[in-house]
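Read off the chains here:
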Amino acid sequence: RDIALPVIVEGQARWWEIAASPRFDGEGRFVGFRGVGSDVTEQRVTADRIARMARFDTLTGLPNRSTLTDRIQHAIHVARRQRSLFAILFMDLDGFKTINDSLGHSAGDEVLSAFAQRLLLCVRASDTVARLGGDEFVVLSENLDSREDAGTIAEGVLDRMRRGIWTDSQPLQVMPSIGIALYPHDGDSVDTLLKHADA
């Protein structure tokens, strides 16, 4: 049958697809395999890239809306079963359009990438940081002990952003507006929670 195997060739991983069948001698004893193999590394890399693009933002590498929706839905199931609390923090960057218009889209992309990295430093490894598009970002923080925990995360983000962001050796002061929704207090569906956090 066909199988795909990773093979290290000159220090690089290559993927080979192998179709083989067992061979037996005249007395029915297994003597080995006979088959053909082909290098399918490029197809594998392309398929992986397409799959990643469907689930992650190409600029920042963060989960996209589709992945975030799945994770919030999972968080709802877990929190409902365990009677636990989680928060959604919805953020957009104040004055981002002005940066794009005055400094260009490359500067805007630098700001978005830098902001994404700052966000990752403000949350736990178990939290999800996602980019919905444009300058909209969301943090999903599960298993909170109290409502105040969400506020602590928001304060940490604001504190880090007060240091400014550098683009092409130019410092920019970029601050996010942050809305918070808590499960189950502000809704029990993905759309309702995101809507309330955005509001």
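Before any of the text, the structure's been laid out above.
None of these values were measured; they are calculated from a predicted model.

What counts, and where the lines are drawn
Residues numbered from 1 in each chain as written. Predicted model: local features only at pLDDT ≥ 70, side-chain atom pairs only at ≥ 80, totals over all residues. Heavy atoms only, no water. Helix = DSSP H or I, 4+ residues; strand = E, 2+ residues; numbered from the N terminus. Rg over C-alpha atoms; globule rule 2.2 N^0.38 Å. Buried < 20%, exposed > 50% of the residue type's maximum accessible area, 1.4 Å probe, protein only. Arc of directions from axis to C-beta. Contact = heavy atoms within 4.5 Å. Salt bridge = Lys/Arg side-chain N within 4 Å of Asp/Glu carboxyl O.

Next up on the list: the overall build of the chain. From N to C terminus, the chain includes six helices and nine strands. Taken over C-alpha atoms, the radius of gyration comes to 24 Å for the chain, far larger than the 16 Å a tight globule of 199 residues would show. Principal-axis analysis of the C-alpha atoms gives the chain an extent of 75 × 50 × 25 Å. Out of the 199 residues belonging to the chain, those deemed buried represent 35%.

Side chains three or four residues apart in an α-helix point the same way, a direct result of the helix having 3.6 residues per turn. The set of residues buried in helix H3 (residues 96-103) consists of Phe96, Ile99 and Asn100. Seen end-on, H3 carries its buried residues on one side only, within an arc spanning 95 degrees. Seen from the open side of H3, the exposed residues pointing more than 90 degrees away from its buried face are Lys97, Thr98, Asp101 and Ser102. Looking at the packing, one finds that the buried side of H3 touches strand E4 (85-93), helix H4 (105-122) and strand E8 (170-172). One or two residues past the end of H3 sits Gly104, with phi positive at roughly 100 degrees.

Mapped onto the elements, Ala79 comes out in helix H2 (residues 65-82). For Ala79, a relative accessible area of 2% translates into the label buried. In sequence terms Ala79 and Ile153 are 74 residues apart; their C-alpha atoms lie 19 Å from each other. For Ala79, the contacting residues outside a window of four places in its chain are Ser84, Phe86 and Tyr183.

On to the pattern of salt bridges, then. Evaluation of the coordinates by the stated rule reveals eight salt bridges. Measuring nitrogen to oxygen at the nearest pair gives 3.3 Å for the salt bridge that ties Glu27 to Arg29. Under the relative-accessibility criterion, Glu27 is labelled exposed at 63%. Between Arg131 and Asp57 there is a salt bridge whose closest N-O contact spans 3.0 Å. Here Arg131 is found in strand E5 (residues 128-133), whereas its partner Asp57 is found in the loop between helix H1 (41-55) and H2, with 74 residues between them in sequence.

So, on to unusual backbone geometry. Residue Pro184 is reached from Tyr183 by a cis peptide bond, and omega for that bond is 5 degrees. Assignment of secondary structure puts Pro184 in the loop between strand E9 (176-183) and helix H6 (190-198). Positive phi is not limited to glycine here, since Arg83 has a value of about 55 degrees. Tracing the backbone shows Arg83 in the loop between H2 and E4. Of note, the phi angle at Asn143 is positive, near 55 degrees, even though the residue is not glycine. Mapped onto the fold, Asn143 is located in strand E6 (residues 136-144). For Asn143, a relative accessible area of 48% gives the class partly exposed.

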